[in-house]
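# Observations on chain architecture
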Amino acid sequence: GMLKLGGHHSAVRLSGIVEEALRLGYVPLAWRGGKLVTLYKGKGSPSDTDNYRGILVMDHSGKTLTAFLQAELDSMYCVKVGAQQHGAVRGRGTALASLGVRSFMAACVARRLSFFCLFIDLSKAFDFAVREVVMGWPPSAAEWSFADKCSFLTSVGLQP
């Protein structure tokens, strides 16, 4: 990638930019977001959506900051998230949870019992989170007025 081709000089310059972004609590606009692309895994039927995976195509420099933040947050996330969480947690896929829900539903149908299931998709919450606010950046945000908060949300492309 870029760091291999650019060598030590590129790594030093990029680390300086990442450190400054962390210090200021600001992620450069070009590093935000990206395009989600669906790729066929190369096995199974191409018409089955389970045989695809999504990858985020984004600015390579932004991936460095994202990887750093993910490494920092991953251990805290795994500790804080409950045992009921399946998916988005290493070692806890959705297959077993899906089997449990389907078995529960089948048992309820067989016994003519009412049931309901609630699924919450936190990936959308993560994709649209204002990371600066979630991470507590800038530190003074807790003291902002309502107008300041609206102005900040507008500056990052969101409607208040």
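Residues numbered from 1 in each chain as written. Predicted model: local features only at pLDDT ≥ 70, side-chain atom pairs only at ≥ 80, totals over all residues. Heavy atoms only, no water.

### Some thoughts on the packing of aromatic side chains
Across all of its chains, the model carries 2 aromatic pairs by this definition. When the centroid spacing of 6.1 Å and the interplanar angle of 80 degrees are considered together, the rings of phenylalanine 104 and phenylalanine 115 count as edge-to-face. With phenylalanine 104 in helix H3 (residues 95-110) and phenylalanine 115 in the loop between H3 and helix H4 (122-127), the pair connects residues that are 11 residues apart, well separated along the chain. On the accessibility criterion, phenylalanine 104 (43% relative accessible area) is partly exposed. In this structure phenylalanine 115 comes out as partly exposed when scored by relative accessible area, which is 33%. (Phe/Tyr/Trp six-rings, centres within 6.5 Å; stacked < 30°, edge-to-face > 60°. Helix = DSSP H or I, 4+ residues; strand = E, 2+ residues; numbered from the N terminus. Buried < 20%, exposed > 50% of the residue type's maximum accessible area, 1.4 Å probe, protein only.)

### Section: the nonpolar core
Counting residues in hydrophobic clusters, the biggest one holds 6 residues: Leu14, Val18, Val27, Trp31, Leu65 and Leu69. Elements that contribute at least two residues to this core include exactly helix H1 (2-24) and helix H2 (60-80). Apart from residues no more than four positions distant in its own chain, valine 18 is found in contact with Trp31, Thr64 and Leu65. (Core = buried A, V, L, I, M, F, W, Y, C linked by side-chain atoms within 4.5 Å. Contact = heavy atoms within 4.5 Å.)

### Some words on unusual backbone geometry
Glycine aside, residues mostly have negative phi angles, and peptide bonds mostly take the trans form. Its identity as a non-glycine residue notwithstanding, arginine 112 has a phi of 60 degrees, on the positive side. If you trace the backbone, arginine 112 turns up in the loop between H3 and H4.

### Considerations on the side chain of asparagine 51
One can find asparagine 51 in the loop between strand S1 (35-40) and strand S2 (52-57). Take asparagine 51: its relative accessible area is 14%, and that puts it in the buried class. A polar contact of 2.9 Å, which involves the side chain of asparagine 51, links it to the backbone oxygen of serine 45. (Polar contact = N/O pair within 3.5 Å; in protein donor to acceptor, adjacent residues only side chain to side chain.)

### A few points about the confidence of the model for the protein
Averaged over every residue, the pLDDT of the protein is 76; residues scoring 70 or more account for 80%. Per-element confidence in the protein is highest for H3, whose mean pLDDT is 90, and lowest for helix H5 (residues 131-134), whose mean pLDDT is 54. (pLDDT = per-residue confidence, 0-100.)

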